[in-house]
Amino acid sequence: MDTQERAEENTFARLQTAGVPLGGVGAGCLELGRDCRFRNITINNNRTAATRIDVSPGAFLAVRASRRGKVTVRILQPDSGLPFTEAGIVAPYTGTEQLGWRGLYPASHYRLDEKLFPLHVSWSAMTPIIPYDHEASTLPLVFVSMYVHNPTEFPYDVSVLFNWENLCGCVRDAFPERRGPIRPVIVESDRDSDRYSTREEVDQSEEHPRLAGLEFGFRGEYRSNAEGNYCLVSKQQHDVDVSIMGWNERDPRELLVLWNQFHDMGQLGNKISRNEQSHSGAVCNAFTLPAQKGRSLVFVLSWHCPVHVAEGMNLSHGYANHFHTAVAVASQALTYYRYYFKAVEDWQSRILSSSLPRWVSKMLINNNYVFSTNSLLTAGNDFTLMESLDRPVTGMLDRRFYASIGSLLFFPNFDEGELALFAKLRSPDAPGQIFRQLGTACMHKPSHGDTPDKLLDINVKFVLLVYRNFIMTGKRFIVDHIYPRARLAMEHVLSFDRDGDGLPEQDGQTTTYEGWVMHGVNSYTSSLWIAAMRAFARLARRLGKKEDAQKYEELLPRALESFERKLWDEEAGYYRLWSSNGKDQTEGSMANACHSGQLAGQWYADFLCLGQLFPPEHVKRALAAMCTLNDKPQGIARAVMPDGSPSGSPAGEAPPQMQTAWPGLDTTQMASLLICHGYADRGLFSIQKSYRSIHARRGRVFNQPLEWDLESNDVCGPAQDRHMASPSIWHVLYALQGFLYNVPDGTIWLRPNLPKGVFQLSAPLFTPLCFGWVKFREDDEKGYRQHVEFAFDSPTSVKTIVLRVPEEVEDVRVRCESVDGEEEVQHFFGYDGRERLVELVAKRPISVGSQLRITLHQTKGRKFHLA
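What comes next concerns the included structure. Since we're looking at a predicted model, the values are computed, not measured.

## Notes on the sheet that holds strand E11 (residues 156-165)
- Spatial ordering of the open sheet is given by E6-E5-E11-E18-E16-E17, a layout of six strands whose pairing is mixed. Of all the strands in the sheet, the pair left with one neighbour each is strand E6 (70-75) and strand E17 (271-272).
- Of the strand pairs in this sheet, strand E5 (residues 60-67) and E6 are connected by six bridges, and their pairing is antiparallel. In the sheet register, Ser66 faces E6, and the bridge partner there is Val71.

Below you can see the structure in the form of structure tokens.
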């Protein structure tokens, strides 16, 4: 790690405002950040910013080391809400400067950096968010794995304590006294596995009761969403003694008893208070650690709150279909914990071991945190993301268009289900109009949003998402079900083409840019509409709908001509924001603004390999104009006038747009365009500026907003709390790799777009089907040569591979080798509008598993030099 990266890490740790969210998809979560305190708790169906619990006052971890009567104890956090002072105890808290911390979703890693403590202590909290494993990723639990190493020449008696406060029935500012009893959890072993069960109390007459931990709260009847049950248990080990205690965290006397037992004996008394005010329970593991040895301990905190009523309907949870109590959740967790830890480490290490810049790798991992914070998953297996926790509208299709690449790559079944929910809905007054959102903190109250006008870009984005999901998953039955809805959506947009020029006219606030009034045709919606026409025509042809395909194939050239004629500003060198004959377009009008989303359609066409839509020279000039006008020191401004002044909305409802950016939406979109069109360095730099501002300087790694103020370099506007857009960073990876696997056609596209001076790439492939890996290298030692290696975790059928070669290359010699030997392929050259491509067509489909090697060696053409 270089000096700059180390400085950014230190700043990141100091300013962290939210911890790593830990909790399964749709299960709620808690956060563990820099201070190792349990914060922002939403496990009680209190999923919004208005209802979540800021911090658990009584939860903590502690470690004890003892040798020959000398005892050293540390509470592994800097403070708590417990009455240590009133109990006459000098609490041995650990300052944040002595807590080494690294957040890497879905794990929070810690290290005790204190020379006075005789042992080395490290621990990790983790939730099994695992791509493709939908069941494991929905578990309502957090693992806490502790590792204690003895570097000395003497044995030590070691104890580790985990205390949890029962939060049953609690939400923000409401902590009832009656939260249900605390019960011991006993483990009974048979030949195959451990079985966990609860008892009303510890039977002291039992010879050797194998205590595993504690259960909290109610079972069976729940009076509110916030009620349920919780379980804290530890993994059984034959030479580790487990002891427990249930106690009143507000009573200094009971705290003193707990502390004296832990400090003096390293064990608890296995007593549970029956006082209704006793809400805390502690589980202690004690063992002897020999010299120069280490030991691992595993705790599980699980929860089960099955009643989740929203807008009059009990949504319940996906996890409630598989588990009836938190104890059952914990039992499964401890049975398969090795797999869970290994699987999380596996997908993270694929990214971290790549040749990608380290900061890009960290964004690709951490920006998925919304799976824990924003997701809902009902007992009916309906999935969605809330836009943000302070604006918990669900689905939000216009922003989902950017963010859902994350859910498609990690959990394709969930993503397809959410898209199907939108397809099922019908608007009574406009059957072809797609709803913008599914509800507020629910999925059965759809609406078109709060804007006075219906958003036309919703339909266009819906169609592009349908096409995306089809080619990236190959699931024909899904498309057969949704296709009629996509056709209606296209017809609805086309009905707004009042002058027959192929582009829809819009008046008012009719795009995702709330508060922006536009008239006539606008570059944002129109460019996406052009991409959607090409995508829908290809989809229709693939499904045998020839008339539908021909309709939009014939309309597309007219729309392209109109787009150029109406929106291209030759003098300014970009596509203006909007154009209308009947509205003000004089100098200074917002219509003439340079908008960061003017080439949104080309961005999505690049992503889906739909080809070049607009003249390459116009695209390059428009990108250059955006770099000059929109690209600011702290990010990408959304709209700027030709003279560089702010662009305001005629409606007067939106602030001038020069000072604000949408980092997860427009910035990602523009960066991907720059990367794909020859400006990889500039594209990466635009993302890095957001990384430094949001992640490093403001510490909002796990709390990214929709909008960013480019002057104050801070959050602004609505939807500030954990906005859903962060997974859109995956578009940057796809742009850098120039990769797409078209499943129905069996075609792999690979056209890496690398920074200047970089001629090789080694990176993971994330697809909705399986993981893969690609190695790419090109050189000019003996003419142009390109070396490509593919590998997939599951056998992948490939018929065609599309690669890019320099203009100077007129022909190549191709060698293609799989694990079965050399594959016979033919090659053909062509253009997609701006690039020279070579298409490798296999004589028979190639099953790509552990390896496929391809070498291109120039045999004809001009001499080529890598720049």
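Next comes the rest of the write-up.
## Here we look at the packing of aromatic side chains
- The final tally for this structure, using the stated rule, is 43 aromatic pairs.
- Each ring, one from Phe401 and one from Trp603, has its centre 5.8 Å from the other, and the planes form 90 degrees; the classification is edge-to-face. Taken as a pair, Phe401 in helix H7 (residues 397-403) and Trp603 in helix H14 (residues 600-607) lie far apart in primary sequence, 202 residues in all.
- Relative to Tyr575, the ring of Trp568 lies with its centre 4.9 Å away and its plane at 65 degrees, an arrangement referred to as edge-to-face.

## Comments concerning the nonpolar core
- Grouped together as the largest cluster of nonpolar side chains are 275 residues, with contacts concentrated most on Trp164, Phe462 and Phe790.
- Sorting elements by how many residues they give to this core places helix H12 (residues 523-542) first, with twelve residues.
- When near neighbours in sequence (up to four residues on either side) are disregarded, Phe790 contacts Ile748, Leu750, Leu765, Trp773, Val774, Ile801, Val848, Ser850, Gln851, Leu852 and Ile854.
- Ranked by size, the runner-up nonpolar core spans 19 residues in total, among them Phe60, Val73, Leu82 and Ala87.

## Let's talk about the sheet that holds strand E2 (residues 30-32)
- Strand order in the open sheet formed by four strands is E1-E2-E3-E4, and the pairing between neighbours is antiparallel. Whereas interior strands pair on both sides, the edge strands pair on one side only; in this sheet they are strand E1 (20-22) and strand E4 (53-55). Pairs of neighbouring strands in the sheet enclose a mean axial angle of 30 degrees, with direction left out of account.
- With three bridges joining them, E1 and E2 adopt antiparallel strand pairing. Across the sheet, the residue bridging to Pro21 is Glu31, located in E2.

## Quick notes on the environment of Gly395
- Turning to its location among the elements, Gly395 is positioned in the loop between strand E24 (393-394) and H7.
- The class for Gly395 is buried, based on a relative accessible area of 0%.
- With ten residues separating them in the primary sequence, Gly395 and Leu385 have C-alpha atoms 5.8 Å apart.
- Not counting residues within four places of it along the chain, the set of residues in contact with Gly395 comprises Thr384, Leu385, Arg400, Glu418, Phe422, Arg436, Leu438 and Met724.

## Examining the environment of Pro357
- Residue position: Pro357 is located in the loop between helix H4 (337-352) and helix H5 (358-366).
- Owing to a relative accessible area of 31%, Pro357 belongs among the partly exposed residues under this scheme.
- Remark: the alpha-carbon pair of Pro357 and Leu684, spanning 327 residues in sequence, is separated by 9.5 Å.

## A few points about the environment of Glu547
- Residue position: Glu547 is located in helix H13 (residues 546-567).
- Each C-alpha atom, one on Glu547 and one on Asn581, is 33 Å from the other, the two residues being 34 residues apart in sequence.

## Concerning the packing of H12 against H13
- At their nearest, the axes of H12 and H13 sit 8 Å apart, and the two run at 160 degrees to each other. It follows that H12 is roughly antiparallel to H13 by the angle criterion. The hand of the H12/H13 crossing is left-handed. Note on element contacts: H13 touches H12 through Lys546, Asp548, Ala549, Gln550, Tyr552, Glu553, Leu555, Leu556, Ala559, Leu560, Phe563 and Leu567, opposite Ser523, Ser526, Ser527, Trp529, Ile530, Met533, Arg534, Phe536, Ala537, Ala540 and Arg541.

Rules used in this analysis
Residues numbered from 1 in each chain as written. Predicted model: local features only at pLDDT ≥ 70, side-chain atom pairs only at ≥ 80, totals over all residues. Heavy atoms only, no water. Pairing = 2+ DSSP bridges. Helix = DSSP H or I, 4+ residues; strand = E, 2+ residues; numbered from the N terminus. Phe/Tyr/Trp six-rings, centres within 6.5 Å; stacked < 30°, edge-to-face > 60°. Core = buried A, V, L, I, M, F, W, Y, C linked by side-chain atoms within 4.5 Å. Buried < 20%, exposed > 50% of the residue type's maximum accessible area, 1.4 Å probe, protein only. Contact = heavy atoms within 4.5 Å. Axes fitted to C-alpha atoms, helices over the stretch in contact; angles between N-to-C directions. Parallel < 35°, antiparallel > 145°, perpendicular 65-115°, else oblique. Left-handed = near helix turned anticlockwise from the far one by under 90°.

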